[in-house]
Amino acid sequence: MGYKIAVVGATGNVGREMLNTLEERQFPADEIFALASSRSVGRELDYGDKEIKVLDAATFDFSKVDIALFSAGGTTAKTLAPKAAAAGCVVIDNSSYWRMEPGVPLVVPEVNGAALAGYAKKNIIANPNCSTIQMVMALKPLHDLQPIKRVVVATYQSVSGAGRLAMDELFNQTKGIYVNDLPVKEQFTKQIAFNVIPHIDEFMDDGATREEWKMTAETRKILDPDIAVHATCVRVPVFVGHAEAINIEFEQPVTVEEARKAMKAFPGVSVVDYRQDEGYVTPQEVQGEDNVFVSRVRKDPTVENGLSLWCVGDNLRKGAALNAVQIAEMLVAEYLPKK
C-alpha cells in the first residue's frame, strides 16, 4: 500500500515535470490525481505508461490524498492550499505565496532538510524560487567550509520560468524575425528573441524587482540570516535552464581547490571546471539533469576573501519539480505514517 498524491497545476510546465519526476523516481504512490482549472478538466496526461484524466482542483476532495504538490500560482495557493491542509493533506507549494510566511518551512532538502520538522504547524511546505534553489545548492558546502559574508549574483534565466506562453513567445518571435515579421510582445515587456531583459516580476520601491528580493530573502531564510545578498535577475532567450554568475565574499580565506573539493562532495552538485575550451557547463547541456553544475571557480582579487563561480541548472527539475518531489520523499521517509 502506498501514498495518494495530487499534483495541482498538472497541465503547466512544472506540473507536467512533477508527474514525470514522481514516475521516474518511482515514488511510492498508489494513486496519482492530476488537478487543474475547470477549463482543463477531462484532458489526459501521461504518467509513465498510463494516462490520467485531469480533475477540477477547485472541487477536489483533498482528504483523499496524503500529499499535494502545488504548481498553480500564488492566487490558487492562497485560497486552495489552506483548504487542502485543513483536510489533512500536506501541501508542498511551488508558488511564492507561502515562502516567507512564519511557521511555513522553506526547504531545499540537501541544504536545510531539518526545517521540515516544523511542517505540521500549517501542513504547508514552501518550495523556494528556482534561482534561489540553484544558488543555495552551490553556497551551502562553501558556507560550511567558511562563513559567507556577502553574495552578489547576476542571473541568466530561461523563459520556461515564466511558463508555457513565454516559451511560445520566444519561439514565435524568433521564427518571425527570420521572415521580417514584427515581434509581438505579450508575456515580456521587451522583445525576448535575440535580446536579454533585466526585469523579472514587478518593480519594488527600492528599484529591485520582486524576483531579486526573493533571492535575497529566501537565501537568508534557508541558509543564514546574516548573509548579505544582492541580485540582478535577467531573462535570456533560452528555453530551459538557468545560469548564475555568483561572487562570494567569505569571512576567512578559501582557496579555489578547497571550494571545488567541498562542492564536489556535496550531494546534488557537480563540478565541471576546466580552464580550456568547453571546460564549463551551459544551460543547453543541463536540460533534464537533476544536479546543479558549477564551473569557472576562480579567485576574486577585488575583495578580501573573494571567489567567483558559474552555476547552471534545469529550472524545471531541481529548480522546481525535483525539489518538491524530494521534499515529498523526505516526508514519507521521516515524518508521515508508514503505508
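Everything quoted here is computed from the prediction, not taken from an experiment.

### Some thoughts on the sheet that holds strand β9 (residues 228-235)
Alright, step 1. With mixed pairing, six strands are arranged side by side in an open sheet as β9-β8-β10-β13-β12-β11. Each edge of the sheet is formed by a strand with only one pairing partner; in this case those strands are β9 and β11 (269-271). Each adjacent strand pair in this sheet contributes to an overall mean axis angle of 25 degrees, direction not counted.
Alright, step 2. The sheet contact formed by strand β8 (residues 148-157) and β9 spans eight bridges and is parallel. From the neighbouring strand, V151 faces β9, where its bridge partner is V229.
Alright, step 3. Along the sheet, helix α4 (residues 130-145) contacts β8, β9, β10 (242-250), β11, β12 (292-300) and β13 (306-313); its crossing angle with β10, the most-contacted strand, is approximately 35 degrees.

### Re the packing of helix α1 (residues 13-24) against helix α8 (residues 317-334)
Alright, step 1. It is the contact of α1 with α8, at a shortest axis distance of 9 Å, that shows an interaxial angle of 50 degrees. Regarding the angle of α1 to α8, the classification is oblique. Between α1 and α8 lies a crossing whose hand is right-handed. Across from V14, E17, M18, T21, L22 and E24 in α1, the residues of α8 making contact are R317, A320, A321, L322, A324 and V325.

### Notes on the layout of surface pockets
Alright, step 1. In this structure, the second largest pocket spans a volume of roughly 210 Å³.
Alright, step 2. Forming the boundary of the second largest pocket are 15 residues, of which D168, E169, N172, Q173 and V184 lie nearest the centre.

### Points about the UniProt feature "active site" (unreviewed entry) in the protein chain
Alright, step 1. Mapped onto the present numbering, the UniProt feature "active site" (unreviewed entry) falls at C130 and H242. These annotated residues cover 113 residues of sequence, and their C-alpha atoms lie no more than 8.4 Å from one another, placing them together at a single site. Of the annotated set named above, C130 line the largest cavity.
Alright, step 2. Judged by its relative accessible area of 15%, C130 falls in the buried class.
Alright, step 3. Sequence-distant contacts of C130, that is, excluding residues within four places in its chain, are made with H242, N315 and G319.
Alright, step 4. Residue position: H242 is located in strand β10.
Alright, step 5. The residues contacting H242, other than those within four sequence positions of it, are C130, S131, Q134, Y156, Q157, S158, R235, C311, V312, G313 and N315.

### Re unusual backbone geometry
Alright, step 1. If you check the backbone angles, E278 has positive phi at about 65 degrees while not being a glycine.
Alright, step 2. By the element assignment, E278 lies in the loop between β11 and β12.
Alright, step 3. The phi dihedral of R296 falls on the positive side, at around 55 degrees, and the residue is not glycine.

### Let's talk about the nonpolar core
Alright, step 1. One finds F62, F70, V151, I246, M263 and L309 to be the most contacted residues of the largest nonpolar core, which totals 58 residues.
Alright, step 2. The element best represented in this core is α4, accounting for seven residues.
Alright, step 3. In this structure F70 touches V8, M18, F62, T76, A77, L80, A81, A84, V91, I92, D93 and N94, once residues within four positions along its chain are discounted.
Alright, step 4. Counting residues in each nonpolar core, the second largest holds 44 residues, with I192, V240, V325 and L336 among its members.

### Side note on helix α7 (residues 256-264)
Alright, step 1. Those residues of α7 that sit buried are V256, A259, R260, A262 and M263. The buried residues of α7 occupy an angular sector of 165 degrees when the element is viewed end-on, so they sit on one face. Along α7, exposed side chains directed more than 90 degrees from the buried face belong to E257, K261 and K264.

### Here's the deal with the sheet that holds strand β6 (residues 90-93)
Alright, step 1. The seven strands lie next to each other as β3-β4-β2-β1-β5-β6-β7, forming an open sheet whose pairing is mixed. A single partner strand is all that each edge strand has here, and the edge strands are β3 (44-47) and β7 (124-126). On average, each strand axis in the sheet is inclined to that of its neighbour by 30 degrees, with strand direction left out of account.
Alright, step 2. Bridge analysis of strand β5 (residues 67-70) against β6 gives four bridges, and the strand direction is parallel. Counterpart to L69 in the pairing with β6 is I92.

Criteria and cut-off values
- Residues numbered from 1 in each chain as written.
- Predicted model: local features only at pLDDT ≥ 70, side-chain atom pairs only at ≥ 80, totals over all residues.
- Heavy atoms only, no water.
- Pairing = 2+ DSSP bridges.
- Helix = DSSP H or I, 4+ residues; strand = E, 2+ residues; numbered from the N terminus.
- Axes fitted to C-alpha atoms, helices over the stretch in contact; angles between N-to-C directions.
- Contact = heavy atoms within 4.5 Å.
- Parallel < 35°, antiparallel > 145°, perpendicular 65-115°, else oblique.
- Left-handed = near helix turned anticlockwise from the far one by under 90°.
- 1 Å grid on protein atoms, 1.4 Å probe; cavity = no way out; pocket = protein on both sides within 12 Å on 5 of 7 lines; lining within 4 Å.
- Points joined across faces, edges and corners; volume = space filled by probe spheres on them.
- UniProt positions renumbered as here; feature names shortened; annotations may be inferred.
- Buried < 20%, exposed > 50% of the residue type's maximum accessible area, 1.4 Å probe, protein only.
- Core = buried A, V, L, I, M, F, W, Y, C linked by side-chain atoms within 4.5 Å.
- Arc of directions from axis to C-beta.

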